[in-house]
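Working through the structure, step by step
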Amino acid sequence: MSSMDALFDATRQATLARPFGRLRGVSGLTVTSAGPALAMGDLCEVLHEDGRVQALAEVVAVRGRDLTLMPFGDAHGMQAGARVRAAPRRNVAEVGPALLGRVIDGLGEPLDGFALPRSHGARPLRAAAPDAMARPRIARTLSTGVRALDAMLPLGHGQRVGIFAGSGVGKSTLLGMMARHARADYNVIALIGERGREVREFIEDQLGEEGLARSVVVVATSDQPAPMRVRAAYLAVAIAEGLRAQGADVLLTMDSITRLAMARREIGLSAGEPPTARGYTPSVFSELPALCERLGTHGGGGSITGLLTVLVEGDDFNEPISDCLRATLDGHIVLTRELAHQGHYPAVDVLKSSSRLLGDLFDAGERRLVHRVRAGMALLARNRSMMEIGAYEKGSHAALDRAIAAEPALLRFLRQDREPVSRDAALSALAGLADQFGPEDAA
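First things first, this report covers the structure right here in the doc. (Residues numbered from 1 in each chain as written. Predicted model: local features only at pLDDT ≥ 70, side-chain atom pairs only at ≥ 80, totals over all residues. Heavy atoms only, no water.)

1. Re the packing of helix H6 (residues 257-270) against helix H7 (residues 282-293)
Note the cut-off: For helices, the fitted axis covers only the stretch in contact; all axes are lines through C-alpha atoms, and the angles between them, taken along N-to-C directions, range from 0 to 180 degrees. Every helix listed is a DSSP run of H or I at least four residues long, and every strand listed is a run of E at least two residues long, numbered separately from the N terminus. Under this scheme an angle from 65 to 115 degrees is roughly perpendicular, one under 35 degrees roughly parallel, and one over 145 degrees roughly antiparallel; angles in between are oblique. Crossing handedness follows the turn of the near helix against the far one: under a right angle anticlockwise gives a left-handed crossing, and clockwise gives a right-handed one. Residue contacts follow a heavy-atom distance rule, with two residues in contact if any of their heavy atoms lie within 4.5 Å. Note on residue categories: nonpolar means Ala, Val, Leu, Ile, Met, Phe, Trp, Tyr, Cys or Pro, charged means Asp, Glu, Lys or Arg, and polar means any other residue, Gly included.
The contact between H6 and H7 brings their axes to 10 Å, and the two run at 140 degrees. Taken together, H6 and H7 sit at an angle that is classed as oblique. For the crossing formed where H6 meets H7, the hand is right-handed. Across the interface between the two elements, Ile 257, Leu 260, Ala 261, Arg 264 and Arg 265 from H6 touch Ser 283, Val 284, Glu 287, Leu 288, Leu 291 and Cys 292 from H7. Its residues placed into classes, the contact of H6 with H7 shows seven nonpolar, one polar and three charged.

Written as structure tokens, this is what we have:
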């Protein structure tokens, strides 16, 4: 191609004019504008009279030439007649290992006071999930360092798992342990709707310097507008996809996907969507599975393992978001308030939890060990009330007698401080515990 042809191509692709629209009104969290011609999800700028940018906003609804916008900042001070123009910022994420060790916001701007390095490429925030038939099956076990999970609820590279819990039962502590000790190449951590105070505490106390060095942290605090919280979640997924495309095994943790759903509900209601279950709009129940399907294995190598915390409203494990995600994900880890109140950390309720890949990741012998221990735990749970009121007599049920005798060892096995335990040590301890519950045919 000649230099003149290249010049013509550059001229054709250049933006020679930036059309403007005009603000028509401000109502609550939304702004309406007549023009410019933009599509759903595009970004635009609201300008002061002197041409300075007053706010960045996202298009959340299009009705003819009328646009509904949600600002990424405060709408105070905006007035009818202000000019609106398309923003030069694109809906892409700068990706690459150069981001490791950094803390950024939903727009990709640094929050740690240092300039961002040059990245090695960009990826769209919203992309299609890998083709279902092109995904390799999950066959490699991910060692998390958490004994109860590695021994009884195994996770694989590329699995998507929900951590279901109410507030204050140790979700962030468990996430920090796994981010610090899991055998993955990189971590991408999305803190969506978190309290501002807890962000630094999580990074310094739960993640630590060693964990941060191989992590990218994307933050959108609870005081930020809904579009920023949603964008931060998609930015984290796009960064993880970029690292996976380079053949890396990535651990993506999102705390919490429920707050993403709440932000999406806020946008949907402002855009005029009808409310359904508990006020959630229909787009929430289509958007969550679409986002989750972008995680997992990839035909080009690499994987994204998703650990998504589900904040269970009012400890109701059957609320709409929990129901949707249980049906979407490849397993669920349930943390209960009852165990947390007993000082049992991590507060994992093994009987209520499930890994859908246990049959693929464990051999026959390991599966038998898990089933023997779970059977003993279920026997204890069924007879707990009778034991507490003193109605059970020792010797009435041989298997229950063995389970009662094994319970102290069971509790020691399930409880763990922040120090990691190797997968081999966890399985060895599980075998010893299974022997205390008795032979396989004794339950």
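The discussion continues.
2. Re the sheet that holds strand E1 (residues 20-27)
Cut-off, in case you're wondering: Two strands pair under a simple rule: DSSP has to find at least two bridges between them.
The antiparallel closed barrel is built from six strands, whose spatial order is E1-E2-E5-E4-E3-E6. Direction aside, the axes of adjacent strands within the sheet are offset by 45 degrees on average. Pairing analysis gives three bridges linking strand E3 (residues 43-47) to strand E6 (residues 83-86), with the strands arranged antiparallel. Looking at E6, one finds that Val 46 is bridged to Val 84.

3. Topic: the packing of aromatic side chains
Note the cut-off: When two rings of Phe, Tyr or Trp (its six-membered ring) have centres within 6.5 Å they constitute a pair, described as stacked for plane angles under 30 degrees, edge-to-face for angles over 60, and tilted for the intermediate range. Here's how the labels work: a residue is buried when its accessible area is under 20% of the maximum for its type, exposed when over 50%, partly exposed in between, all with a 1.4 Å probe on protein chains only. In this analysis the charged atom, NZ for Lys or CZ for Arg, is taken to sit over a ring once it is within 6 Å of the ring centre and within 35 degrees of the ring normal.
The tally for this structure, following the rule as stated, stands at one aromatic pair. Ring geometry for Tyr 280 against Phe 285: centres 6.2 Å apart, planes inclined by 70 degrees, an arrangement best described as edge-to-face. Accessibility expressed as a relative area gives 27% for Phe 285, which makes it partly exposed. Positioned above the aromatic ring of Phe 20 is the side chain of Arg 83, whose terminal nitrogen or guanidinium carbon lies 4.7 Å from the ring centre. Over the ring of Tyr 234 we find Arg 126, and its NZ or CZ is 4.1 Å from the ring centre.

4. Observations regarding helix H8 (residues 320-328)
What H8 keeps buried is the set Pro 320, Ile 321, Ser 322, Cys 324, Leu 325 and Thr 328. Buried residues along H8 sit in contact with strand E12 (160-165), H6, H7 and strand E17 (303-311).

5. Concerning the side chain of Arg 231
The test is simple: Residues scored as charged are limited to Lys and Arg (positive) and Asp and Glu (negative), so that His and the chain ends carry no count. The salt bridge definition used is simple: a Lys or Arg side-chain nitrogen within 4 Å of an Asp or Glu carboxyl oxygen. Here a polar contact means two N or O atoms within 3.5 Å. Within protein one must be a hydrogen donor candidate and the other an acceptor candidate, and residues neighboring in sequence count only if both atoms are side-chain atoms.
With respect to the helices, strands and loops of the structure, Arg 231 is situated in helix H5 (residues 226-245). Although Arg 231 is buried, it forms no salt bridge, and the closest oppositely charged side chain is Glu 58 at an N-O distance of 5.4 Å. A distance of 2.7 Å separates the side chain of Arg 231 from the side chain of Asn 91, its partner in a polar contact. Beyond its immediate sequence surroundings of up to four residues, Arg 231 is in contact with Leu 43, Phe 72, Arg 89, Arg 90, Asn 91, Gly 106, Leu 107 and Leu 125.

6. Looking at the packing of helix H13 (residues 398-414) against helix H14 (residues 423-436)
Packing of H13 against H14 brings their axes to within 9 Å, and their N-to-C directions diverge by 165 degrees. Viewed along their axes, H13 and H14 adopt a mutual orientation that is roughly antiparallel. Viewed along their axes, H13 and H14 form a crossing whose handedness is right-handed. On the side of H13, the interface is formed by Arg 402, Ala 406, Ala 409, Leu 410 and Phe 413, while H14 contributes Ala 426, Ala 429, Leu 430, Leu 433 and Gln 436. Residue composition of the contact of H13 with H14, grouped by class: eight nonpolar, one polar and one charged.

7. Let's talk about the pattern of salt bridges
By the definition in use, this model includes 21 salt bridges. Note that Arg 126 is salt-bridged to Glu 287, the shortest N-O span being 3.8 Å. Taken together, the residues Arg 126 in the loop between strand E9 (121-124) and strand E10 (141-142) and Glu 287 in helix H7 connect sequence positions 161 residues apart. Salt-bridge contacts for Glu 204 lead to Arg 200; the nearest nitrogen and oxygen are separated by 2.6 Å. Separated by four residues within a single helix, Glu 204 and Arg 200 lie in helix H4 (residues 196-213), roughly one turn from each other.

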